[in-house]
Amino acid sequence: GAGVSQSPSNKVTEKGKDVELRCDPISGHTALYWYRQSLGQGLEFLIYFQGNSAPDKSGLPSDRFSAERTGGSVSTLTIQRTQQEDSAVYLCASSRTGWTNQPQHFGDGTRLSIL
Amino acid sequence: GESVGLHLPTLSVQEGDNSIINCAYSNSASDYFIWYKQESGKGPQFIIDIRSNMDKRQGQRVTVLLNKTVKHLSLQIAATQPGDSAVYFCAEANDYKLSFGAGTTVTVRA
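Scope of this entry: the structure provided in the associated data block. Along each chain, residue indices are assigned from 1 in the same order as the chain's sequence is written. Whichever chain is written first becomes A and whichever ligand is written first becomes 1, with later ones labelled in order. Only residues with pLDDT of at least 70 get local features here, since the model is predicted, and only at 80 or more are side-chain atom pairs given and counted; chain-wide, interface and lining totals rely on the full set of residues. Excluded from the side-chain calculations are hydrogens and water; all other atoms, namely the structure's heavy atoms, are used.

Digging into the overall build of chain A
Part 1 of the argument: Note on conventions: DSSP H or I runs of at least 4 residues are helices, E runs of at least 2 residues are strands, and numbering of each starts at the N terminus. In terms of regular secondary structure, chain A is built from zero helices and ten strands.
Part 2 of the argument: In terms of overall dimensions, chain A is globule-like: its C-alpha atoms have a radius of gyration of 13 Å, near the 13 Å expected for 115 residues.
Part 3 of the argument: Projected onto the principal axes, the alpha-carbon positions of chain A cover approximately 40 × 30 × 25 Å.
Part 4 of the argument: A 1.4 Å probe rolled over the protein chains alone gives each residue an accessible area, and that area as a share of the maximum for its type sets the label: buried under 20%, exposed over 50%, partly exposed in between. The buried share among the 115 residues of chain A stands at 50%.
Part 5 of the argument: Residues are treated as being in contact if the distance between any of their heavy atoms lies within 4.5 Å. A fraction of 56% describes how many contacts in chain A between residues 6 or more apart in sequence connect residues 24 or more apart.
Part 6 of the argument: Within the structure as shown, chain A displays about 5600 Å² of accessible surface, and the carbon and sulfur contribution to it stands at 45%.
Part 7 of the argument: Here chain A carries 11 positive and 11 negative side-chain charges, and the mean point of each set is 1 Å from the other. We take the radius of gyration over the C-alpha atoms and set the globule estimate at 2.2 Å times the residue count to the 0.38 power. Accessible surface area values rest on a Shrake-Rupley calculation with a 1.4 Å probe, where residue burial reflects the displayed protein chains alone. Charged-residue counts in this description rest on Lys and Arg as positive and Asp and Glu as negative, His and the chain ends being excluded. Where a charge lies is defined by one atom per residue type: Lys uses NZ, Arg uses CZ, Asp uses CG and Glu uses CD.

Considering the interface of chain A and chain B
Part 1 of the argument: Chain A puts 23 residues into the contact, and the matching count from chain B is 21 residues.
Part 2 of the argument: A combined buried area of about 1700 Å² lies between chain A and chain B, and 53% of that area is made up of carbon and sulfur atoms.
Part 3 of the argument: Two residues, D56 of chain A and K97 of chain B, come together in a salt bridge whose shortest N-O distance is 3.5 Å.
Part 4 of the argument: In protein, a polar contact means a hydrogen-donor-capable atom and an acceptor-capable atom, both N or O and within 3.5 Å, with residues adjacent in sequence counting only if both atoms are side-chain atoms; elsewhere, any N or O pair within 3.5 Å suffices. Here chain A and chain B share eight residue pairs in polar contact (both at pLDDT 80 or more) between them.
Part 5 of the argument: Those elements that provide at least two residues to the side of chain A that touches chain B are strand 4 (31–37), strand 5 (43–50) and strand 9 (105–106) of chain A.
Part 6 of the argument: We call Asp, Glu, Lys and Arg charged. Ala, Val, Leu, Ile, Met, Phe, Trp, Tyr, Cys and Pro are nonpolar, and the rest, Gly among them, are polar. By residue class, the composition of the side of chain A that touches chain B is eight nonpolar, twelve polar and three charged. Summed over both partners, the accessible surface that disappears when two parts come together, traced with a 1.4 Å probe, is what is meant by buried area. Each salt bridge in this description consists of a side-chain nitrogen of Lys or Arg and a carboxyl oxygen of Asp or Glu lying within 4 Å of one another.

Quick notes on unusual backbone geometry
Part 1 of the argument: With an omega of -10°, the peptide bond running from S7 of chain A to P8 of chain A counts as cis.
Part 2 of the argument: By the element assignment, P8 of chain A lies in the loop between strand 1 (5–7) and strand 2 (10–13).
Part 3 of the argument: Positive phi outside glycine occurs at R61 of chain B, with the angle close to 65°.
Part 4 of the argument: Considering the arrangement of structural elements, one finds R61 of chain B in the loop between strand 6 (56–58) and strand 7 (62–67).
Part 5 of the argument: Look at R61 of chain B and you get partly exposed, because its relative accessible area is 31%.
Part 6 of the argument: A positive phi angle, close to 50°, is found at A79 of chain B, a residue other than glycine.
Part 7 of the argument: The partly exposed category is assigned to A79 of chain B, whose relative accessible area is 36%.

Some remarks on the side chain of H29 of chain A
Residues and elements named next belong to chain A.
Part 1 of the argument: Mapped onto the secondary structure, H29 falls in the loop between strand 3 (19–24) and strand 4.
Part 2 of the argument: Residue class for H29 comes out buried when judged on its relative accessible area of 12%.
Part 3 of the argument: From its side chain, H29 meets the backbone nitrogen of S95 in a polar contact 3.4 Å long.

Brief notes about the pairing of strand 4 of chain A
Residue and element names in this part refer to chain A.
Part 1 of the argument: Extensive coverage of strand 4 is indicated by the burial of seven of its seven residues.
Part 2 of the argument: Both faces of strand 4 are covered, namely the face carrying A31, Y33, Y35 and Q37 and the face carrying L32, W34 and R36.
Part 3 of the argument: Hairpin connection from strand 4 to strand 5: five residues lie between these consecutive antiparallel strands, with G40 at a positive phi of about 70°.
Part 4 of the argument: Pairing between two strands is assigned when DSSP locates at least 2 bridges connecting them. Across seven bridges, the pairing between strand 4 and strand 8 (residues 88–95) is antiparallel.

Overview of the packing of aromatic side chains
Part 1 of the argument: Stacked, tilted and edge-to-face are the three classes applied to pairs of Phe, Tyr and Trp rings, where Trp contributes its six-membered ring and a pair requires centres within 6.5 Å; stacked means planes under 30 degrees apart, edge-to-face means over 60, and tilted covers the rest. With the rule as written, the count across this model stands at twelve aromatic pairs over all chains.
Part 2 of the argument: Between F106 of chain A and F100 of chain B, the aromatic rings sit 6.2 Å apart at their centres with planes inclined by 75°, giving edge-to-face as the arrangement. Here F100 of chain B lies in strand 10 (residues 97–100) and F106 of chain A lies in strand 9, a pairing that spans two chains. Each member of the pair, F106 of chain A as well as F100 of chain B, is classed as buried.
Part 3 of the argument: The rings of Y33, Y35, F45, Y48 and F106 of chain A together with Y36, F46, F89, Y96 and F100 of chain B are connected pair by pair, giving a single aromatic cluster.

In structure tokens form, the structure reads like this:
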């Protein structure tokens with residue numbers, strides 16, 4: 001499809017395990033964002049990638065969280081030693097450029113449950 | 001910190017009526033605003049946006065109004081349909097970062 005694709009759609013894992021979440025942005029979009037959405041809440045910014053520039057990691061909640069974007073396209077969000085408070089929906093978005101006035105288009109997210 | 005908020009967490013509307021969803025923002029430096037619709041189990045879907053140099057923008061059945069004096073944003077949906085039932089978020093942009101409110105849940109009554 002032409003939209004943002006995320007996988008897996010659901011992930012259940014035990015506390016202490018590592019997880020990897022994948023995002024495939026819209027083709028041609030240079031900017032990519034990760035957000036976290038807790039139950040019934042708004043979206044919390046995590047990290048931003050724009051082209052070859054250094055990512056803005058200011059929203060990552062702890063050093064257990066990391067993300068990379070290879071080849072300016074697909075991105076992976078990794079959470080190490082997962083905790084129960086990491087349970088949330090992790091949403092990825094992309095936009096044509098990183099300039100303001102560009103709408104971000106979202107995938108359907110990965111629903112992460114930590115047992 | 002500064003954030004975007006919504007006036008009401010829920011809104012119930014009769015099918016066929018017009019809906020108005022309100023949003024207050026606190027950062028006067030924000031220059032771009034977006035409304036998103038989120039259905040259960042889905043990601044936020046772009047509805048309409050508006051730049052700070054405008055006060056009104058219309059789309060298909062939707063209108064966004066921006067009042068910078070009181071830092072208020074609203075989304076009007078004409079002839080509300082059952083498919084409009086969802087959570088609606090407003091978001092304000094500062095550079096590339098979006099700040100979201102908690103959302104308004106709209107329920108359409110048949």
